[in-house]
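Commentary on secondary and tertiary structure
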Amino acid sequence: MHIVIPDDYQDCVRELDAFAKLAGHHVTIYTDTVSDEDELVERFKDADALVLIRERTPITASLLVRLPKLKLISQTGGGAAHVDMAACREHGVVVLAGTGSPYAAAELTWGLVLSAMRRIPEEVENLKAGRWQRTLGTGLKGRTLGVFGYGKIGQLVARYGQAFEMNVLVWGREGTRQRAAAAGLEVAVSQEEFFERSDVLSLHLRLNPETRGIVTAANLASMKPTAVLVNTSRAPLVEAGALEAALKAGRPGMAAVDVFDEEPVIEHTLLALPNFLATPHLGYVEKDSYELYFGDAFDNVLAFDAGTPGRNLAEES
């Protein structure tokens, strides 16, 4: 098969142990991202299969109609909201997804929490510039960790908070609140109370029509001027434009994020703010996670080639 893998930013896929699974197939890897449809068609036109790295390249109906050779989309991870399933079904393109792991994202989340609260990146730069101890960080013990969403990643982050002797406060839909209560955690009375009380508030929600913009400007304005908002999930969970306005107003006092509305980011107005800390969507970008994600994706390619594919997400939607 001719397999195309786009968006390998670090040019690391061919170095993975899992890559050996594709021996004998023709594999083309692109290490940059393009958004122009004509360029995507040029790259994908001869592909029998695409192996997509998460949601980096949307697969639209207008793109699919120009890819008559495409038979398979093998998705790393379990989500495929960026793929037009109806169009795949119409054009007979099978969509297969694998599994994921919550650990890398939860660990990166906690790295951002510590970095923001203790001002670690700022003090690293101070030290390199010959400046000694210029900030006063804030400890975690006894403070309130707000966890918005109590799925696999949210549960890990809550446990990390408990290990640091924080008071964990949970909010989310009814199922989330029930699971948190069953685990012995405090559940906020309302979303308003949740934002008002949290010293560190971490978002762990899937992005869908119900959660898009679920964090409002009013929510952010109600946060403490000493609080930190952490987002390693999806940028559009926050109302458009609200985070920049909130940080300029000083409520919350700081944000630490791993996600942006459009990626990869070359420049962004948020990056100029002194109370904004960011990483370039590193949550799942970790060796063990990549071996798992790509191992599953490549296994799905091989199963399809052998005539034994698993669940076709295009047929289920």
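Heads up: the structure comes first, above all this text.
What this report covers is the structure whose coordinates are included nearby. (Residues numbered from 1 in each chain as written. Predicted model: local features only at pLDDT ≥ 70, side-chain atom pairs only at ≥ 80, totals over all residues. Heavy atoms only, no water.)

The next thing to look at is the sheet that holds strand 5 (residues 94–97). Across the sheet, which stays open at both edges, the five strands sit in the order 2-1-3-4-5 with parallel pairing between neighbours. Each having just a single partner strand, strand 2 (26–29) and strand 5 make up the two edges of the open sheet. Between one strand axis and the next, the sheet turns by 20 degrees as a mean value, whatever way the strands run. Sheet analysis places strand 1 (residues 2–5) next to strand 3 (residues 49–52), joined by two bridges and oriented parallel. Paired with Ile-3 across the bridge in strand 3 is Ala-49. Here helix 11 (residues 287–305) sits on the sheet and contacts strand 1, strand 3, strand 4 (72–75) and strand 5; the angle it forms with strand 4, its principal contact strand, is near 155 degrees. (Pairing = 2+ DSSP bridges. Helix = DSSP H or I, 4+ residues; strand = E, 2+ residues; numbered from the N terminus. Axes fitted to C-alpha atoms, helices over the stretch in contact; angles between N-to-C directions. Contact = heavy atoms within 4.5 Å.)

On to the nonpolar core. Residues Phe-148, Phe-194, Leu-203, Leu-220, Leu-243 and Phe-276 are the most contacted members of the largest nonpolar core, which totals 26 residues. Within the residue set of this core, elements represented by two or more residues are strand 7 (167–171), helix 8 (191–197), strand 9 (200–203), helix 10 (242–249) and strand 11 (254–257). Take this core: its biggest share by element is four residues, from helix 10. The contact partners of Leu-220, leaving out residues within four places of it in the chain, are Val-215, Leu-229, Val-238, Ala-242, Leu-243, Ala-246, Arg-251 and Pro-252. In terms of nonpolar packing, the next biggest core, distinct from the first, is built from 25 residues, Trp-110, Leu-112, Met-117 and Leu-145 among them. (Core = buried A, V, L, I, M, F, W, Y, C linked by side-chain atoms within 4.5 Å. Buried < 20%, exposed > 50% of the residue type's maximum accessible area, 1.4 Å probe, protein only.)

Turning next to the pairing of strand 7. Most of strand 7 sits inside the fold, with four of its five residues counted as buried. Sheet analysis places strand 6 (residues 144–148) next to strand 7, joined by five bridges and oriented parallel. The residue bridging Gly-146 from the neighbouring strand is Leu-169, located in strand 7. Since strand 6 and strand 7 lie parallel, the crossover through helix 6 (residues 152–163) that links them has a hand, and here it is right-handed. Relative to strand 8 (residues 186–187), strand 7 runs parallel, the two being bridged by two bridges. The partner of Leu-169 across the bridge, within strand 8, is Glu-186. (Right-handed = clockwise from strand over helix to strand, strands pointing away.)

Side chains that differ in charge, positive against negative, can pair when their charged atoms come close. A full pass over the atoms with the stated rule returns 16 salt bridges. A salt bridge links Arg-66 to Glu-37, with the shortest nitrogen-to-oxygen separation between them at 3.1 Å. Pair noted here: Arg-66 is in the loop between helix 2 (61–64) and strand 4 and Glu-37 is in helix 1 (residues 37–44), with a separation of 29 residues, a long-range link. Accessibility expressed as a relative area gives 24% for Glu-37, which makes it partly exposed. Between Arg-197 and Glu-186 there is a salt bridge; the shortest N-O distance is 2.8 Å. In this pair, Arg-197 is assigned in helix 8 and Glu-186 in strand 8, connecting sequence segments 11 residues apart. For Arg-197, a relative accessible area of 28% puts it in the partly exposed group. By relative accessible area, which is 38% here, Glu-186 ends up partly exposed. Connected through salt bridges with shared partners, the residues Glu-37, Asp-38 and Arg-66 form a single ionic network. (Salt bridge = Lys/Arg side-chain N within 4 Å of Asp/Glu carboxyl O.)

Ordered in space as 8-7-6-9-10-11-12, the seven strands form an open sheet in which the pairing is parallel. Since the sheet does not close on itself, it has two edges, and those belong to strand 8 and strand 12 (276–278), each with one partner. Relative to the sheet, helix 10 contacts strand 10 (228–231), strand 11 and strand 12, its axis offset from that of strand 11 by approximately 145 degrees.

By the element assignment, Gly-111 lies in helix 4 (residues 103–117). Sequence spacing of Gly-111 and Ala-246 is 135 residues, and the spatial spacing of their C-alpha atoms is 23 Å.

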